[in-house]
Structure formats: C-alpha cells, structure tokens
Amino acid sequence: MKNKPTESVMATLLLTIKQAFIVNKNPLPWLKAFTAGVCAGLPVLIGFLLGNLEYGLIVGIGGLTYLYVFNIPYAFRAKKLLFAVVGLSFAMGLGTLLAPYAFLAAIAVAIIGALVTFLFGALKITGPAAIFIVLTFLMGTGMPIDPELAPIRAGLVFLGGAFSWIMGMIGWLNNPHGPEKMAVKKVYLELASFLELVGTDQLNESKQKIISSLKSAGNIMQSGYIPWRVTEPYKRLYLLNEQANNIFLHIIEKMESRDQPLPIELSESIRSIAQSIDNSKTKIKIPQGDSTNDLTIFHELVKDTAIIASESISDIQREIVISKTSLRVVIGGAFDKNSIVFLNAFRYGFVLFIAAIIAQSFDFERSYWVTLSCAAVLSGATIMATFHRTIQRSLGTIIGILTATSILYFQPEGYIIAIAIFFLTFLTELAIVLNYGIAALFITPNALLLAESTTKIHDISYFASARVIDVLIGSAIGLIGAFLMNRKSAASLLAHTMAKTIRSEQQFLFTLFSQEPSLVEPEHSKELIKMQTNLSNLQIVYFTALGEIPRDNTKLDLLFPAIHSIEHLGYLLNSAAKYKNRPIQADSDLSKILLVFETLAKSAEQERILSKKEMPNIIGFSKIQAEVHHLQEALHKSGKQ
C-alpha cells in the first residue's frame, strides 16, 4: 500500500516523458524550410567568397528573421517581419555594447525576454517569440569584446534580416491575399461538413470547431485590412466570411434542434463556393429551394453567398466597415496584474535573469549557453510544456552537440559551413512541426556553427562536454524556475477570470439592447473590446491551467462546459452587434437580465451553486437566452453546494 503513491508518480513521469516524444501528424512545410535554409546559409557563403566568413556568419544570424514567417496576411506579415529585423539588429548591437558588463547584460537579457514575450502574447502573434532575439543578444555578448563594432554587427544582422524580409514577402507578388483565401476557404469547407451533421448527434461536437475557424478567419481578415487600400479580392473575401457567419448563426438559431438531415445539395453548394475561392473557374452549385418550406431563408442565404463569390464586386452594392482595436487598448488590456500574458512575461524575464547571474557567478566558458538553454525551455506555454521542452532540449541537444563537434573537428572550410547551416536550418523547419526534440537535433549544431565557426577549438572533447553541461544546467534552471513561479497561478486565476468575462458580456449585452443612447456603435464600443480581451484571457488561463503541475483534472474537466458556453455566448453577442434593427428591451427586462448575469458571475467567482434565474426573451435572439440557460446548467454541475 505504501508503494502506490510512488508507483503513481513513476507512472506519471514515464507517461510525461513518452508524451514529450510524440510525433505530430502535420504536413511538412517544404517550401518554407528550403527558403529558411537559403536565408541562413547564403549570407555565410557570400561572406566566405568575399573573404570575410565572420561577417557572413553575422549576416546569417539576421537570416533567423525568416523563422518568424507564418501563414498570415502580407499586410501584417510585413510589420511582423520588420519588428523581427529591428529586434534582432538591436539585440546584436546591445549585446556587443554590454559584453564587458556582465551584470548589465543579465538585466538586459531579462528585459528583452520579458518585453518580447509580452508583446507576442498581448498581440497574439504566432511564432517563436523571444527565443531568437534572446539568442542574438547572447551571441553578441559571446563574440570578441569590442563595443566599437556594435553598429557594424547590428548593420550586418539588419542586412540578413532585410534579405529574409524580401524572401518572406515575395509571395505577395503573385498571390497577395493567399493567407486570407486559405482561411475563408477552410471556413466554408468546415461549414459544409457542419451542415451535413445537422439532425445528427454529432452536431454539438463540431460546433466549437466551426466557431474557432470563424473567429480565426475573422482575425486574419482584420489583420489583413489596410484602410487606404481595400482591393476587390479582399472585399469579396471579407463579405464571404461575413456570409459564413450569417449562415452558421441561422443554422444554430433555426435548425439546431432539427431531427432530419438537411438536403445534401446545400452542403454541396457551400463546398463548391469554397472551391471557387482560389479557383474562379469552379462552377458554383446553386440550390433550388421551394419557397413554401422552412428552408426558404437558408436557400436565400446560400444564393446570396454564391452571388458574392461569382459576381463582380463593383456590381455588389455593399460596404465593409472594419474597426481595429487600438494598440494602446490591446496593450493596456494585457498589462494587468491578473493577466496571464503579463505574468508569463514577468516569469520569463525573471528566470532568465537568474540563469544569467548563475552562469556568470560560476564562470562558465561561453556562459550564454546556460541562459540560452533556459530561454528555450521557458518557451513552453505551460509548466507541462516546459517539462517536455526540458526533456526534448536536453536529449536533442546532446546528440546535436555531437553532430556539431564532429563537423568542427575537421576545421571545415567556409563553403562547407554554409552548406551545413543551410541543411541544418532546412531540417529544423521540417522537424519543428513534428516534435521539438527532433528539431533540437538540428537547432543546437546550427547555433554552434554560427557562434563557433571562427573559433579555433583545440580540445574538442572539452568543448563538447562543456556545451552539454551548459545545456543541462540551463534547462534545469528553466524548469525549476517555471515550476516554482507558475505552479498554480493560472488555476488560481480561473474563477476570477470567468466571473470577469461574464460581467463584461453583461455590460456589452446592456449596450446592445438598452434604450439608452450610445456615443458609438456597439461594434466599436469599449464594452466590446473589454469583452473580447476577457474572452481571450480566459482561453489562455484555462489552457495554461491544463498544463500546470499539480493540477485538478476533475475540476478542470467540469469547468470546460462552462468555459465553452461563455465563449459561445461571447460569439453570439459579437454577432448580434452586426444587426442594426435590434429590439430595445424594457427596463424591467434589462434589470432581470443583469440579475441573471450577476448571479452567473457570483456562481463562477465563488465556485458555488446559486439559484437559477429566468432569462427574459430577446425577440429575434432566442439563442442568447438558450446559451445563458446552458451556462447556468454548466455552472451548477461544476459548483459546490
């Protein structure tokens, strides 16, 4: 009996290690991997041919900019890559300047790591966040000390970054709205599959998936919006995405309880619209509806969508109005003591500072490898992900170091180094979508070649063992720091965040259906911005809580239906803002609605079962009423007496 807890811990540990090496079934990004290899390897080759391999290697560091390329609209991609170029260049210059001052360098790496992590989290930017900017800063501190070379080194990194920027934007020339097309096409394909599930028991299971796709496509369309240049293809895609929302809302409003499947021609029509998005020659199938049946409105919606997909936009008399939340509001929403984005950024910077101080205190040779390894494992989104990163980074790096030392042992010529960097970067980009541990096999030797190729290494065994020790110590610091600082922070915030989100939905609902005049349209209101910020934060907090150690799986599983319901309610309220002829609720009804929402918020905040309240009907928006009822049921199941 006494051994059971130990056996349970060992079983959990073995399962966690096994999970760290699961290979994801994702398509391999061949083109991106090849281009990333060119961006990293070509500058090194050119530097060697021009007789200055060291400068070529520094320009190659700027090539890391291409690793920030993801399938996002080119309008946003241009700004993101420019941020990466400037960030890498600044990091190299600052690292060179602060190389003689160890303590200042430790403070600087902490600030850089925290700031970039915060910005990526607050702005919801996909990508490697702070890791490569931290890497560049640390490489700057590890180069031969000469502060006067700071402008030259920063300029060389900028040169490599500018080349990567061009390579990352080159697809704009022949397909300027490619990412937007892909997102909207995915929505219509999933919408067609969703239609085929109407009248079956599997409809609810796919609802969250289609909502997620609609939200993702909406964010992509918004990030690709350029106020002074709205092209016809962009306008068509925006209108198609709006129509997809309208069709989905009509289904859940009128047909979710239907016990018969929809005619197959409707889903076929939606699927043909999806195919026409990137192939204008595709013939769109128009459904032939009966004007007397209950599908009349649905047929009209699909026909209207087909017109948008096929007719000239100049003939479609519709305007698009997109409001973007200001940068100040977005940053302000994340800069809160209860924001998980802010807490993660603080944790990242603080643990990096500790790692840098420890590395300097024990006088490690090339001490930045300790800090870099710490930064890499801290990139895990949760403590569990951090543990996985530690295992992956440690084992992958050891093998990677052996690879690098075997290359460096032969003192290779510059063109061999350039080719090796190309292939290692190429393989890194292919492997990263499969498993970080596999990618670490190539990340480490690549970084070692960039940093050590111009260094004359005489004792190769000492070099290899030193790097292994550095990586293991840095990984351990990252894991311990994450565990001590973030064990239960998300779980402890969950109840408060749920209540805060429900109250923001209450405020936005009041804005939508109150007779009180508003200074701005609801879709541009601060109440909507606040609700969207809280919904996003709730999602991050719940996801982070799932990865904490220890965690209460039973409690988190019970809360999932409530969180799902809160997110769906937010989607319904957001969609309601687009309707101009919304009903005005009487003050007595509004009072009842506010009481219902406050009871829900108290129930979530106190984790207690409170008495159910009757939600007044909102004419034309019965789904909001139904979702509030679902939320009450979900909170009752998860609460305590």
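No experiment lies behind these values; they were computed from the predicted model shown. Position numbers for residues start from 1 in each chain and track the written sequence from start to end. Local features in a predicted model are, by the rule used here, given only for residues with pLDDT of at least 70; side-chain atom pairs are given and counted only at 80 or more, and totals for whole chains, interfaces and linings are based on all residues. Working from all heavy atoms in the structure, the side-chain values ignore hydrogens and water.

Asks: How do you make sense of the overall build of the chain when you look at a structure like this?
Replies: Counting its regular elements, the chain contains 24 helices and 0 strands. Expressed as a percentage of its 641 residues, the buried residues of the chain come to 51%. The long-range share in the chain, meaning contacts at least 24 apart out of those at least 6 apart in sequence, stands at 80%. For the chain, the accessible surface area stands at approximately 29900 Å², while carbon and sulfur atoms represent 62% of it. Numbering of helices and strands runs from the N terminus; a helix is a DSSP stretch of H or I covering at least four residues, while a strand is a stretch of E covering at least two. Throughout this description, buried means an accessible area under 20% of the type-specific maximum (1.4 Å probe, protein chains only), exposed means over 50%, and partly exposed covers the range between. Contacts are assigned to residue pairs that have any heavy atoms within 4.5 Å of one another. To be clear on the numbers: accessible area is Shrake-Rupley with a 1.4 Å probe, and residue cover counts the displayed protein chains and nothing else.

Asks: Mind showing me how you'd approach the side chain of Ser-565 here?
Replies: Assignment of secondary structure puts Ser-565 in helix α22 (residues 553–576). Taking relative accessible area as the criterion, Ser-565 reaches 2% and is therefore assigned buried. Non-local contacts of Ser-565, meaning those with residues more than four positions away in its chain, are made with Glu-627, His-630 and Leu-631.

Asks: Where do I start with the nonpolar core in this structure?
Replies: Nonpolar side chains in soluble globular proteins tend to be buried together. In these notes, a set of buried Ala, Val, Leu, Ile, Met, Phe, Trp, Tyr and Cys residues joined through side-chain atoms within 4.5 Å is what counts as a nonpolar core. With 93 residues, the main nonpolar core has Met-498 and Ile-624 as its most contacted residues. Looking at this core, the element that brings in the most residues is helix α10 (residues 232–255), giving 12 residues. Not counting residues within four places of it along the chain, the set of residues in contact with Met-498 comprises Leu-538, Leu-559, Ala-562, Ile-563, Ile-566, Ala-604 and Leu-635. The next biggest cluster of nonpolar side chains, apart from the first, holds 75 residues, and it includes Val-59, Ala-359, Ile-417 and Leu-450.

Asks: Quick question: what am I supposed to make of the packing of aromatic side chains here?
Replies: Within a pair of aromatic rings, the relevant descriptors are the distance that separates the centres and the angle that separates the planes. Between rings of Phe, Tyr and Trp, where Trp is taken as its six-membered ring, a pair exists when centres lie within 6.5 Å; planes separated by under 30 degrees are stacked, by over 60 edge-to-face, and by other angles tilted. This structure, assessed with the given rule, holds 15 aromatic pairs. A centroid spacing of 6.0 Å and a plane angle of 80° characterise the contact between Phe-103 and Phe-353, whose relative ring orientation is edge-to-face. In this pair, Phe-103 sits in helix α5 (residues 102–122) while Phe-353 sits in helix α14 (residues 340–361), placing the two residues 250 residues apart along the sequence. Exposure remark for Phe-353: the relative accessible area of 21% places this residue in the partly exposed category. A ring pair is formed by Phe-346 and Phe-350, whose centres lie 6.1 Å apart and whose planes are at 15°; its orientation type is stacked. Here Phe-350 and Phe-346 lie together in helix α14, a separation of 4 residues that amounts to about one turn. Ring-pair connections join several aromatic residues into one group, and the members of that group are Trp-30, Phe-34, Phe-422, Phe-423 and Phe-426. Taking NZ or CZ as reference, Lys-32 lies 4.0 Å from the ring centre of Phe-70, over its face. Only Lys NZ and Arg CZ are tested; either one counts as a charge over a ring when it is within 6 Å of the ring centre and within 35 degrees of the ring normal.

Asks: Which parts of the structure should I look at to understand the packing of helix α3 (residues 53–62) against helix α7 (residues 150–169)?
Replies: Geometry of a packed helix pair, given as the angle between the helix axes and the separation of the axes. Two elements in contact, α3 and α7, have axes whose closest approach is 6 Å; the angle formed by their N-to-C orientations is 55°. Regarding the angle of α3 to α7, the classification is oblique. Taken as a pair, α3 and α7 cross one another with a handedness that is right-handed. In contact with Tyr-55, Ile-58, Val-59 and Gly-62 of α3, α7 contributes Ile-152, Arg-153, Leu-156, Val-157, Leu-159, Gly-160, Gly-161 and Ser-164. A class-by-class count of the residues in the contact of α3 with α7 yields 7 nonpolar, 4 polar and 1 charged. All axes are obtained by fitting lines to C-alpha atoms, using only the stretch in contact for helices, and the reported angles, taken between N-to-C directions, cover 0 to 180 degrees. The labels follow the angle: roughly parallel below 35 degrees, roughly antiparallel above 145, roughly perpendicular from 65 to 115, and oblique for the rest. Note on convention: near helix rotated counterclockwise from far helix by under a right angle means a left-handed crossing. Clockwise means right-handed. Polarity classes work like this: nonpolar for Ala, Val, Leu, Ile, Met, Phe, Trp, Tyr, Cys and Pro, charged for Asp, Glu, Lys and Arg, and polar for all others, with Gly in that last group.

Asks: Before we go on, may I ask you to explain α14 in this structure?
Replies: In an α-helix, one full turn covers 3.6 residues, which means residues spaced three or four apart are oriented alike. One fewer than the residue count of a helix, multiplied by 1.5 Å, yields its expected span. Taking 1.5 Å as the rise per residue, α14 with 22 residues should run 32 Å; its terminal C-alpha atoms sit 31 Å apart, in good agreement. Among the residues making up α14, those that are buried are Ile-340, Val-341, Asn-344, Ala-345, Arg-347, Tyr-348, Gly-349, Val-351, Leu-352, Ala-355, Ala-356 and Ala-359. Of the residues trailing α14, Asp-363 is marked for its positive phi of about 55°.

Asks: Quick question: what am I supposed to make of the environment of Leu-31 here?
Replies: Relative to the assigned elements, Leu-31 resides in helix α2 (residues 30–49). Through-space distance from the C-alpha of Leu-31 to that of Glu-429 is 9.8 Å; in sequence the pair is 398 residues apart.

Asks: For this particular structure, what's the right way to read the side chain of Thr-35?
Replies: Secondary-structure assignment places Thr-35 in helix α2. By relative accessible area, which is 8% here, Thr-35 ends up buried. In contact with Thr-35, other than residues within four places in its own chain, are Tyr-66 and Met-167.

Asks: What am I meant to see in the environment of Leu-94 here?
Replies: Residue position: Leu-94 is located in helix α4 (residues 74–98). Spatially, the C-alpha atoms of Leu-94 and Ala-108 are 8.4 Å apart, while their sequence positions differ by 14 residues. Once residues within four sequence positions are removed from consideration, Leu-94 is found in contact with Ala-108, Ile-112 and Phe-137.

This is a description of form; function is not addressed.
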